[in-house]
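Residue-level structure breakdown
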Amino acid sequence: MKTLKSGESTKSIHAQLITSKLCLSALTLAILIGLTGCSGDDGKDGAVGPQGEMGMDGVDGSNGADETNGSDGTNGSDGTPGFAAATFILANNGADNAGTVDLINQNAAKLKTFNSGANEGVAFDSLGNLIQASDSGNGALSTVCQVLSRADGGMFDSNRDRTITGSNTTLVNPKGIHISNKRGLIFAADFNAMQITVFGATAAGNAAPLASTVTDAKPWDVTYDDINDRLYVALTNGDVAVYDNYVDGGFTAMATRTITPSDASGNKVSVNIHGIVYDADTNKLVLSDVGSASDATDGALFVINNASLATGNTTVARSIAGPATMLGNPVDISLTGSDLRVAEKSNDAILVFSNIFNGVSGDISPDSVTATIKPESITATVMHNDMPDVSDSYMTNMPLMGIAVSSNPSAAGPTTGQISRLNAQLTSEIGSYNASQTIESVAFDKAGNSYASFDNSTTSVGGIVISNKVAMHRDGEVFTLSQDSIISGSNTGLISPKGIDVASDSGMIFVAENNATTPGILIFSTCTTGDVTPLLTLTASGGARPWDVDYDVTTDRAFVALTNGTIAVFDEVKSKLMAGMSTVTGEDRLITPATAGVAFPAPTNIHGIDYDPLSDSLIVSDVGSAADATDGKLFVLNNAGTGSGLNNVSVNIAGPATMLGNPVDIMFTGNHLYVAEKSNGLVMRFDNILNSPSGDIAASVSYSFTAPESVAILPSWLNR
């Protein structure tokens, strides 16, 4: 590593450090090939060695002591450390790059750039969506859907993305933000408003905050301990405010205590804290201090031990500051394991300090330096939840924490708009939430947010209510713009939407639009809001009207239940969307349930549909005549993935003992089938449905429920 020599200026050594880092690391040189001017100022360069013999690279992951560089043309052994493979989002905030974010790898090599339109703090939710603060105009918090799969050079798109902004939000100039994935909350440090502003993660538009907490000094960043419900706020007066029992305590208004970074003598050493991260495994805080914003040399890093109990003047466990550190304005930090990445704005660099919790204090050189222009914020990308979607069975005995059921009586009543949670045994109700609309179908993403279709026969206006964390929380609560949002309006095409499915990792909502004039499967972004246009529309042949849809992400195939008694299958759905298609007219295959090679006689009216990829089986419910409370059926069809034409059912359950009249919705657990039986006011479970005998078979368990319209399983892993 380059060290300060007698007579060298700080500015000179900073330049040399960047130069030597870029020039002497073979890996960084390969990444940044095309850059020039990397000869450094370590004396006269020797002849450049042959390109084919680069010399021996240093051992990855070991910096060692500051070695003597080998002769020019041959790499020495101070190569780039072997950082664990990872990707990060870097927010830019310079004169020419504000409003963009870069996707970079662990060595800070740029992979692509996206125009988010925002310029401040960045964070990821558990679904892989980017949340970013902005103070370039009106204060705002934007959600960019599935940013990692967006094209290089892509831009914020209101048809796919959403923003919280407007006078009701009280946002002035939010800086750092933190996402609580467990609680579905966004915490924003609003600098000039001198407050922490909290929204639900699915809120949008000009929404009032869920809560606001006034701080004693201007905050720059915030971090939250999900497990212990503890909020840490970085204040620009050099303190850290700590709020215990913050959310469960009703968004505590007063700090429980204040941490003031100090030296061994108890003297305060912090000046202007900006970046803050909490490591739950070690109970440590790491802080970045920019000192004077106009000084490019006085930045510092501090480590605070035992953060959950620290109070008052607290001796820092480690401090890093001085000319070799290149810390001037370290405006944000990101911790991955024990590697700390620093967005160093005044010196235009990404710095990496390995093993941040251990080592001596002092003027410590970073382990990696990468030049970049005016970095503002940095965060590790969050890999998608590795579980399949809630609606997709993936094991034969999926543990459940409950069953969600929506109520839709013909005349508005106390249960209208209600999404109830029943226990898996169907013996009791364990919670409820009211979406404040006439709900048809409800589905959930992998974060536990609900997506409920609704319609209004009087106004012919339909839509989708997106509600925060309904699968686990919100007991006794109702829809609020502080947490929730709505997709609705003339551009949406939503008039009489019925069944709904969510593909979390693709950021897609599938809705069966049942109106007689423009029926079809409408696909929207999971992050959008308001009066938006569908990303893609699937239209069945002959004007057939869909009631439900199930999308299989593995095969990229949508199975559509049609009210004429057939099943439309659309292949390569996402692929067609990514290829730029906005409409698909006509299914790839049409399946007609049959027995002994003959289609079932009318009336046939398929409503619920669920595909099981493990067995390649399709389970459907047929309500028959909507006016008949006795003629409902359940079918199982094998080889559904390639099925076409008449397809003999392997299971046919029907008859008076079944209590199937209008089985409007179903969901399969991998073993058992839950049924919303509307005409008879029951939620039922048919066990071992794939291997069930056919005939007049009673449900294994039944639960009385007012006008059940849809049913969805809630796997236990949602609450982890």
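Owing to the predicted nature of the structure, the values given are computational and were not obtained by experimental measurement. (Residues numbered from 1 in each chain as written. Predicted model: local features only at pLDDT ≥ 70, side-chain atom pairs only at ≥ 80, totals over all residues. Heavy atoms only, no water.)

What follows is about the overall build of the protein. If you tally the helices and strands in the protein, you get 3 helices and 52 strands. Taken across its 720 residues, the protein has 60% of its residues classed as buried. For the protein, long-range pairs separated by at least 24 residues make up 55% of all intrachain contacts whose partners lie at least 6 apart in sequence. (Helix = DSSP H or I, 4+ residues; strand = E, 2+ residues; numbered from the N terminus. Buried < 20%, exposed > 50% of the residue type's maximum accessible area, 1.4 Å probe, protein only. Contact = heavy atoms within 4.5 Å.)

Our next topic: the nonpolar core. In terms of nonpolar packing, the biggest core is built from 38 residues, with Ile403, Ile419, Leu426, Phe444, Tyr674 and Ile713 touching the most fellow members. Listed by contribution, the elements that provide at least two residues to this core are strand S26 (400-407), strand S27 (418-422), strand S29 (439-444), strand S30 (450-454), strand S48 (663-668), strand S49 (673-677), strand S51 (701-704) and strand S52 (708-715). Non-local contacts of Leu426, meaning those with residues more than four positions away in its chain, are made with Ile403, Tyr674, Val683, Met684, Arg685, Val701, Ser702 and Tyr703. Core analysis: the second largest hydrophobic core is formed by 21 residues, Met508, Phe510, Ile523 and Ala558 among them. (Core = buried A, V, L, I, M, F, W, Y, C linked by side-chain atoms within 4.5 Å.)

Summed over the entire model, instances satisfying the criterion amount to 9 aromatic pairs. For the pair Tyr232 and Tyr278, a centre-to-centre distance of 5.2 Å together with 20 degrees between the ring planes defines the contact as stacked. Placement of Tyr232 in strand S13 (residues 230-235) and of Tyr278 in strand S16 (residues 273-279) is noted, with a sequence separation of 46 residues between them. The same class applies to Tyr232 and to Tyr278, which are both buried. The ring of Phe83 has Arg341 sitting right over it, with the charged end atom 5.3 Å from the ring centre. (Phe/Tyr/Trp six-rings, centres within 6.5 Å; stacked < 30°, edge-to-face > 60°. Lys NZ or Arg CZ within 6 Å of the ring centre and 35° of its normal.)

Assignment of secondary structure puts Arg589 in strand S42 (residues 589-595). Each C-alpha atom of the pair Arg589 and Gly643 lies 7.6 Å from the other, and the pair is 54 residues apart in sequence. The contact partners of Arg589, leaving out residues within four places of it in the chain, are Arg557, Ile567, Ala568, Val569, Asp571, Gly641, Thr642, Gly643 and Ser644. One polar contact links the side chain of Arg589 to the main-chain carbonyl oxygen of Gly643, over a distance of 3.1 Å. (Polar contact = N/O pair within 3.5 Å; in protein donor to acceptor, adjacent residues only side chain to side chain.)

Attention now moves to the sheet that holds S26. Taken together, 5 strands build an open sheet; the order of strands is S32-S28-S27-S26-S52 and the sheet is mixed. Two strands lie at the open edges of the sheet, namely strand S32 (477-478) and S52, each paired on one side alone. Pairing of S26 with S52, which is carried by 7 bridges, proceeds in the antiparallel orientation. Note that in S52 the partner of Ser407 across the bridge is Pro708. (Pairing = 2+ DSSP bridges.)

The strand order across the open sheet built from 4 strands is S4-S5-S6-S7, with neighbouring strands paired in antiparallel fashion. At either end of the open sheet lies a strand with only one pairing partner, and these are strand S4 (122-124) and strand S7 (162-165). Taking each pair of neighbouring strands and ignoring which way they run, the sheet shows an average axis angle of 20 degrees. (Axes fitted to C-alpha atoms, helices over the stretch in contact; angles between N-to-C directions.)

As a further point, take the state of the cysteines. The full count for this structure, using the stated rule, is 1 disulfide. Each sulfur in the disulfide pair Cys145 and Cys527 lies 2.5 Å from the other. Given an S-S torsion of about 65 degrees, the disulfide between Cys145 and Cys527 has right-handed geometry. Taken together, the residues Cys145 in the loop between strand S6 (140-144) and S7 and Cys527 in the loop between strand S36 (520-525) and strand S37 (536-539) connect sequence positions 382 residues apart. (Disulfide = S-S within 2.5 Å.)

Right, let's get into the confidence of the model for the protein. A low pLDDT score tells you not to read the predicted coordinates there in detail. Overall, the prediction assigns the protein a mean pLDDT of 89, with 88% of residues at 70 or greater. Low pLDDT, under 50, characterises residues 1-79; the stretch is placed with 102 contacts to residues that sit more than four places away or in other chains. (pLDDT = per-residue confidence, 0-100.)

What follows covers unusual backbone geometry. Following Ala602, the chain continues to Pro603 via a peptide bond in cis, the omega torsion being 0 degrees. Located in the positive-phi region is Leu426, a residue other than glycine, with phi close to 55 degrees. If you trace the backbone, Leu426 turns up in the loop between S27 and strand S28 (429-434). Take Leu426: its relative accessible area is 3%, and that puts it in the buried class. Even without being glycine, Lys469 reaches a positive phi, approximately 55 degrees. Structurally, the position occupied by Lys469 is in the loop between strand S31 (463-467) and S32. Assessed through its relative accessible area of 5%, Lys469 is described here as buried.

Bringing the pairing of strand S12 (residues 219-225) into the picture now. Counting buried positions along S12 yields 7 of 7 residues, so the element is predominantly enclosed. As paired elements, S12 and S13 share 6 bridges and run antiparallel to each other. By the bridge assignment for S13, Tyr224 is matched with Leu231. Hairpin geometry of S12 and S13 is characterised by an intervening segment of 4 residues between the two adjacent antiparallel strands and by a positive phi of about 55 degrees at Asp229.

Tallied over the full model, the rule gives 22 salt bridges. Across the pair Asp135 and Lys175 runs a salt bridge, and its minimum N-O distance is 2.6 Å. Taken together, the residues Asp135 in the loop between strand S5 (130-134) and S6 and Lys175 in strand S8 (residues 174-180) connect sequence positions 40 residues apart. Look at Asp135 and you get buried, because its relative accessible area is 18%. Under the relative-accessibility criterion, Lys175 is labelled buried at 8%. Lys576 serves as the salt-bridge partner of Asp588, at 3.8 Å between the closest nitrogen and oxygen. Residue Asp588 is located in the loop between strand S41 (583-585) and S42, and its partner Lys576 is located in helix H3 (residues 573-578); the two are separated by 12 residues in the primary sequence. The buried category is assigned to Lys576, whose relative accessible area is 18%. In the salt-bridge network here, residues are joined through shared partners; they are Asp225, Arg230, Asp244 and Arg257. (Salt bridge = Lys/Arg side-chain N within 4 Å of Asp/Glu carboxyl O.)

Turning next to the environment of Ile567. The topology assignment puts Ile567 in strand S40 (residues 567-571). Take Ile567: its relative accessible area is 0%, and that puts it in the buried class. Taking C-alpha positions, Ile567 is 9.0 Å from Ile609, a pair spaced 42 residues apart along the chain. Not counting residues within four places of it along the chain, the set of residues in contact with Ile567 comprises Val560, Arg589, Leu590, Ile591, Pro593, Ile606, Ile609, Leu618, Val620 and Leu637.

Moving on, we come to the pairing of S16. When you tally the buried positions in S16, you get 7 out of 7 residues, the bulk of the element. Two elements, S16 and strand S17 (residues 284-289), share 5 bridges in a ladder whose sense is antiparallel. Each bridged residue has a counterpart across the sheet, and for Val277 the counterpart in S17 is Val286.

Note that Arg341 resides in strand S22 (residues 339-344). There is no salt bridge for the buried Arg341, and the closest opposite charge comes from Asp339, which lies 4.6 Å off by N-O distance. Here the side chain of Arg341 touches Gln106 through a polar contact of 2.9 Å, landing on its backbone oxygen. Contact partners of Arg341, with chain neighbours within four places excluded, come to Phe83, Phe88, Gln106, Asp332, Ile333, Ser334, Thr336, Leu351, Val352 and Ile378. (Lys, Arg positive; Asp, Glu negative; His and termini not counted.)

Turning our attention to the side chain of Asp571. In this fold, Asp571 is placed in strand S40. Given a relative accessible area of 16%, Asp571 falls into the buried group. A polar side-chain atom of Asp571 sits 2.7 Å from a polar atom in the side chain of Arg557. Not counting residues up to four positions away in its chain, the partners in contact with Asp571 are Asp556, Arg557, Lys576, Asp588 and Arg589.

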